[in-house]
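Observations on the three-dimensional arrangement
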Amino acid sequence: MNNISILYCLCLAGFILASCGGGLQSHKSLPKLGHRDIIDGDTIFHKVPDFNFTDQYGHEVSPKSLNGKAFILDYFFTSCPTICPRVKAQELRIFERYKDHPNLSIVSVSIDTKYDTKERLNNYATKLGVNNSNWHFVTGDKDMIYDNAVGFFHTAIENKDAPGGYDHDGKLVLIDKDRHIRGFCDGLFPEEVDDFFDDIENLLHEYK
Amino acid sequence: MKNSYLIFISMLLITLSCATQEYSQGRELYNYYCSSCHLESGQGLRSLYPPLAKSDYLAKYNETLPCIIRKGLEGQIIVNGKDYDMPMPAMPKISAFEITNIMNYINHNFGNDLPFVKFVDVKAKLEECK
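How each quantity is defined
- Residues numbered from 1 in each chain as written.
- Chains lettered and ligands numbered in written order.
- Predicted model: local features only at pLDDT ≥ 70, side-chain atom pairs only at ≥ 80, totals over all residues.
- Helix = DSSP H or I, 4+ residues; strand = E, 2+ residues; numbered from the N terminus.
- Buried ≥ 20, exposed ≤ 12 C-beta atoms within 10 Å, placed from the backbone.
- Contact = placed C-beta atoms within 7 Å.
- Pairing = 2+ DSSP bridges.
- Axes fitted to C-alpha atoms, helices over the stretch in contact; angles between N-to-C directions.
- Parallel < 35°, antiparallel > 145°, perpendicular 65-115°, else oblique.
- Nonpolar A, V, L, I, M, F, W, Y, C, P; charged D, E, K, R; others polar.
- Core = buried A, V, L, I, M, F, W, Y, C linked by C-beta atoms within 7 Å.
- Left-handed = near helix turned anticlockwise from the far one by under 90°.
- Arc of directions from axis to C-beta.

It is worth spelling out the overall build of chain B at this point. Scanning chain B from terminus to terminus reveals 7 helices and 2 strands. Out of the 130 residues belonging to chain B, those deemed buried represent 27%. Taking contacts inside chain B between residues at least 6 apart in sequence as the whole, the part at least 24 apart equals 57%.

Printed below as a string of structure tokens:
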């Protein structure tokens, strides 16, 4: 083997090692999703609407109370006979991994503002095995919840013909500490949630 | 002679493949009507929704199950020693045929080994619970 071939082999080995190492450590930068405006040459990204909810312990849940945490937000209601339990089963996977994480919370917003009182939400959370304030089951002003749904990439419509009385979706939306939407998945499908874990990791890496 | 072997093997394979697809209609119906709460493998969800897998309640109340499926259930029940009280919604439009298929799927899956149910019995039971 002459010198040139040795050099070639070394380069190749180096290249493979570098690419493998990079693959293990690289974190993808997540996009900021939604409508954007360009004003005076600056891009203004979509932010989720301001909110002020009350959780199952009676605590306020707002951008201020979340205090720089990223959060996953979904719409649900406790008597939902269709998709909610399946979505909650998937959210439990996320909760189990991040329940003590300092930079991530889960916010489940009830769209049944009449029936889902603080006490009912507390009972539901307890039966789901959630006894930790990193997963907020919240209620709040009905107009705020319905009017803001689209801004959170959600759907919420009262419909007496829908099972349980409401139309909504099972999306899990990942929101960063600056209220930008950075990812989402359909919480009905375990394989989508598998990929969503990568989004969560990529976002949390920004806070390291 | 060779052909008859081939036919025999094909028949055997068809029979075997049918055998592994047992209660496939029941599975489809279960996934549509029941799996939202009891989840795909009948495991239930924590203390919210009771399991159907190896459930003592399912075994004990198997005969009244057609009524439970159609009329729903309210109030506290105890399943495998645990309390559950989320209401189960009624499904007034579900047919006796669908219930029979669902029950046979549940009774013979998720680790359950409960009796096979017949359409005529389910239909008769449904008339009783009206």
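We are not done yet, so read on.
Residues and elements named next belong to chain A. Taken in spatial order, the 5 strands make up an open sheet running β7-β6-β5-β10-β11, and their pairing is mixed. At either end of the open sheet lies a strand with only one pairing partner, and these are β7 (135–138) and β11 (181–186). Averaged over all adjacent pairs, the angle separating strand axes in this sheet is 20 degrees, with direction ignored. In this structure, strand β10 (residues 171–175) lies alongside β11, joined through 5 bridges in antiparallel fashion. Its bridge partner being in β11, Val 173 is matched across the sheet by Phe 184. Sheet strands touched by helix α3 (residues 84–98): β5 (70–76), β6 (104–110), β7 and β10. Its angle to β5, the strand with the most contacts, is close to 165 degrees. Across the face of the sheet, helix α6 (residues 190–206) comes into contact with β5, β6, β10 and β11 while running at roughly 165 degrees to β11.

A separate point is the packing of helix α2 (residues 24–33) of chain B against helix α6 (residues 96–107) of chain B. Residue and element names in this part refer to chain B. For the pair α2 and α6, the least separation of the axes is 8 Å and the interaxial angle reads 100 degrees. What the angle tells us is that α2 and α6 run roughly perpendicular. Facing α2, whose interface residues are Gln 25, Gly 26, Arg 27, Leu 29, Tyr 30 and Tyr 33, α6 presents Glu 98, Asn 101, Ile 102, Asn 104, Tyr 105 and Ile 106. When grouped by side-chain class, the residues that make up the contact of α2 with α6 number 6 nonpolar, 4 polar and 2 charged.

What follows concerns the nonpolar core. Among the nonpolar cores identified, the biggest contains 51 residues, and A:Phe71, A:Leu73, A:Val109, A:Val173, A:Leu174 and A:Ile175 are the most heavily contacted of them. For this core, the secondary structure elements donating two or more residues are β5, α3, β6, α4 (118–127), β7, β10, β11 and α6 of chain A. Beyond its immediate chain neighbours, meaning those up to four positions away, A:Leu174 contacts A:Ala70, A:Ile72, A:Arg182, A:Gly183, A:Phe184, A:Asp199, A:Ile200 and A:Leu203. Of all hydrophobic cores here, the second largest spans 14 residues; its members include B:Leu29, B:Tyr30, B:Cys34 and B:Ile106.

All right, on to the packing of α6(B) against helix α7 (residues 119–128) of chain B then. All names here are of chain B. The interhelical angle for the contact between α6 and α7, taken along N-to-C directions, is 120 degrees, at an axis separation of 9 Å. Comparing their axes, α7 and α6 come out oblique. Where α6 crosses over α7, the two elements pack in a sense that is right-handed. Here Ala 96, Phe 97, Ile 99, Thr 100 and Met 103 of α6 come into contact with α7, specifically with Phe 119, Val 122, Lys 123 and Leu 126.

With that settled, the discussion passes to the interface of chain A and chain B. Taken together, the contact between chain A and chain B spans 10 residues of the former and 9 residues of the latter. Take the side of chain A that touches chain B: its biggest share by element is 4 residues, from α3(A). Classifying every residue of the side of chain A that touches chain B gives 5 nonpolar, 2 polar and 3 charged.

Residue and element names in this part refer to chain A. The pairing of strand β1 (residues 36–39) with strand β2 (residues 42–45) spans 4 bridges and is antiparallel. Counterpart to Asp 37 in the pairing with β2 is Ile 44. In this antiparallel pair of consecutive strands, β1 and β2, the connection spans 2 residues, and Asp 40 shows a positive phi of 50 degrees.

Moving on: α2(B). Residue and element names in this part refer to chain B. Every buried residue of α2 is accounted for by Gly 26, Leu 29 and Tyr 30. The buried residues of α2 occupy an angular sector of 105 degrees when the element is viewed end-on, so they sit on one face. Seen from the buried face of α2, the exposed residues on the opposite side, beyond 90 degrees, are Ser 24 and Tyr 32. Its buried side turned inward, α2 meets α3 (35–38) and α6.

Although it is not a glycine, A:Phe153 adopts a positive phi angle of roughly 65 degrees. The backbone phi angle of B:Arg46 is positive, close to 45 degrees, even though this residue is not glycine. Within the secondary structure, B:Arg46 sits in the loop between α3 and α4 (56–60). Residue B:Arg46 is classed as partly exposed on the basis of its 17 C-beta neighbours within 10 Å.

None of this, on its own, says anything about what the molecule does.
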